[in-house]
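Listed below are the residues making up each chain.
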Amino acid sequence: MRTQVWFDGTELTQRAIVSGWETQLLPREVSQRAVPGMDGEIFTGARLTERQVTVRMALVGHGAAQRRAEARAIAALLATDAPARLEASVDGGLYYMAVATSTPDMTRMVGGLAFDVTFTCPDPVAYGEARTVTVPSGGSVTFAVGGSYPTMPTVSAPAAANGAGGFWQLALEDGAHLDATIPDGLATAAVTADCQGRVLTVNGDVALLQPAADWLRLEPGMHTLTMTGTGAATVTFDERWL
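Quantities reported herein were computed from a predicted structural model and do not represent experimental measurements.

## Observations regarding the packing of aromatic side chains
So, step 1. All told, the structure shown has three aromatic pairs when counted by the stated rule.
So, step 2. Ring plane angle 35 degrees and centroid distance 6.0 Å describe the contact between F143 and F237, whose orientation is recorded as tilted. Of this pair, F143 sits in strand β12 (residues 140-145) while F237 sits in strand β20 (residues 233-241); the two residues are 94 residues apart in sequence, bridging distant segments of the chain. The pair F143 / F237 is uniform in exposure class, with both members buried.
So, step 3. Above the ring of Y95, the side-chain terminus of R85 is found at 3.8 Å from the ring centroid.
So, step 4. Positioned above the aromatic ring of Y127, the side-chain terminus of R240 is 3.9 Å from the ring centre.

Below, the structure is given as structure tokens:
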């Protein structure tokens, strides 16, 4: 079966012959430091770096002028202002957020035109299935997080009310928790939290986390979220894959 490639909602394999999908298995940078008098070096840390995906695109048939026009049309499709969804059918629904950063000189060949396109993924980890769970008002929910990399959810509670201690809270089983304080004089307020973007709002106004609170981070596996206070909350996240 022919491999299909999409970028920003357009199937590139409908516009050209696409081949040579190349990327790193683990785009990772290791830090180390030399120590005088010591053999080798000391390991100081490791982090994921940006991912690059390179494909070869070829336009064949038709006339030379038409091929050039189609190449310019493809360039316009690739020139997004922000990272867009990049997906290959062989990845089983996983996708990256990428920008096209390199289109080397086009190569003329008999009856065709070929060029390489390099996509840069500032976030090197693939996105998978979008999941939603509901924490019942004043209760808890247990759920599974798939994937092989942690994900950070968004939280929405349209009618949150303070509980014991004077705050509304969602807590994970390990004690990590997200807090919001409903202002005095209000029985309920709309609370939203974008844990990836690190933005908390209460009734549309940006609020600060409590000093002991933190943004929720969901590792792959089973989790339980427990609410202090009332007001059902919707928790949405994308499963992430290395």
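## Structural notes on the nonpolar core
Grouped burial of nonpolar side chains is what soluble globular proteins tend to show.
So, step 1. Within the largest apolar cluster, 29 residues are counted, with the highest numbers of intra-cluster contacts made by V155, W168, L170, V191 and L225.
So, step 2. Counting 23 residues, the second-largest nonpolar core is a separate cluster that includes A16, V18, V53 and F119.

## Section: the side chain of H177
So, step 1. Examined against the element boundaries, H177 turns out to sit in strand β15 (residues 177-180).
So, step 2. Given a relative accessible area of 16%, H177 falls into the buried group.
So, step 3. For H177, the contacting residues outside a window of four places in its chain are Q169, L170, A171, A212, A213, D214 and L216.

## Observations concerning the pattern of salt bridges
For side chains of opposite charge, pairing can occur when their charged atoms come near one another.
So, step 1. Scanning all chains against the criterion turns up seven salt bridges.
So, step 2. Residue R15 pairs with E70 through a salt bridge whose shortest N-O separation is 2.7 Å. Taken together, the positions of R15 in the loop between β2 (10-11) and β3 (17-23) and E70 in helix α1 (residues 64-78) put the pair 55 residues apart, joining distant regions of the chain.
So, step 3. Linking R56 and D116 is a salt bridge whose minimum nitrogen-to-oxygen distance equals 3.0 Å. Of this pair, R56 sits in strand β6 (residues 51-60) while D116 is found in strand β10 (residues 112-121), placing the two residues 60 residues apart along the sequence.

## With respect to α1
Each α-helix turn comprises 3.6 residues. Residues three or four places apart therefore point the same way.
So, step 1. Over its 15 residues, α1 runs 21 Å from end to end, which matches the ideal 21 Å to within 8%, given 1.5 Å per residue.
So, step 2. Inspection of α1 places R67, A71, I74 and L78 among the buried residues, and these make up the whole buried set. Burial along α1 is one-sided: seen end-on, the buried residues are contained in an arc of 60 degrees. Projecting away from the buried face of α1 at angles above 90 degrees are the exposed residues A65, R72 and A76.
So, step 3. Here the buried face of α1 lies against β1 (5-7), β6, β8 (95-102) and β10.

## Let's talk about the pairing of strand β17 (residues 199-202)
So, step 1. For strand β16 (residues 189-194) and β17, the ladder comprises four bridges, and the chain directions are antiparallel. Across the sheet, A193 pairs through a bridge with L200, a residue of β17.
So, step 2. Remark: four residues form the turn of the hairpin made by β16 and β17, two consecutive strands paired antiparallel; R198 in that turn has positive phi of roughly 60 degrees.
So, step 3. Judged from the three bridges that link them, β17 and strand β18 (residues 205-207) form a sheet pairing that is antiparallel. From the neighbouring strand, T201 faces β18, where its bridge partner is V206.

## Notes on the sheet that holds strand β19 (residues 221-228)
Adjacent strands of a sheet pair through backbone hydrogen bonds, lying either parallel or antiparallel.
So, step 1. Read from one edge of the open sheet, four strands run β12-β19-β14-β15, paired in antiparallel fashion. The open sheet is flanked by β12 and β15, the only strands paired with a single partner. Strand-to-strand twist of the sheet, defined as the mean angle between neighbouring strand axes without regard to direction, takes the value 15 degrees.
So, step 2. Across four bridges, strand β14 (residues 168-172) lies against β19 in antiparallel orientation. Across the sheet, L172 pairs through a bridge with L225, a residue of β19.

So, how was this worked out
Residues numbered from 1 in each chain as written. Predicted model: local features only at pLDDT ≥ 70, side-chain atom pairs only at ≥ 80, totals over all residues. Heavy atoms only, no water. Phe/Tyr/Trp six-rings, centres within 6.5 Å; stacked < 30°, edge-to-face > 60°. Helix = DSSP H or I, 4+ residues; strand = E, 2+ residues; numbered from the N terminus. Buried < 20%, exposed > 50% of the residue type's maximum accessible area, 1.4 Å probe, protein only. Lys NZ or Arg CZ within 6 Å of the ring centre and 35° of its normal. Core = buried A, V, L, I, M, F, W, Y, C linked by side-chain atoms within 4.5 Å. Contact = heavy atoms within 4.5 Å. Salt bridge = Lys/Arg side-chain N within 4 Å of Asp/Glu carboxyl O. Expected span 1.5 Å × (residues − 1). Arc of directions from axis to C-beta. Pairing = 2+ DSSP bridges. Axes fitted to C-alpha atoms, helices over the stretch in contact; angles between N-to-C directions.

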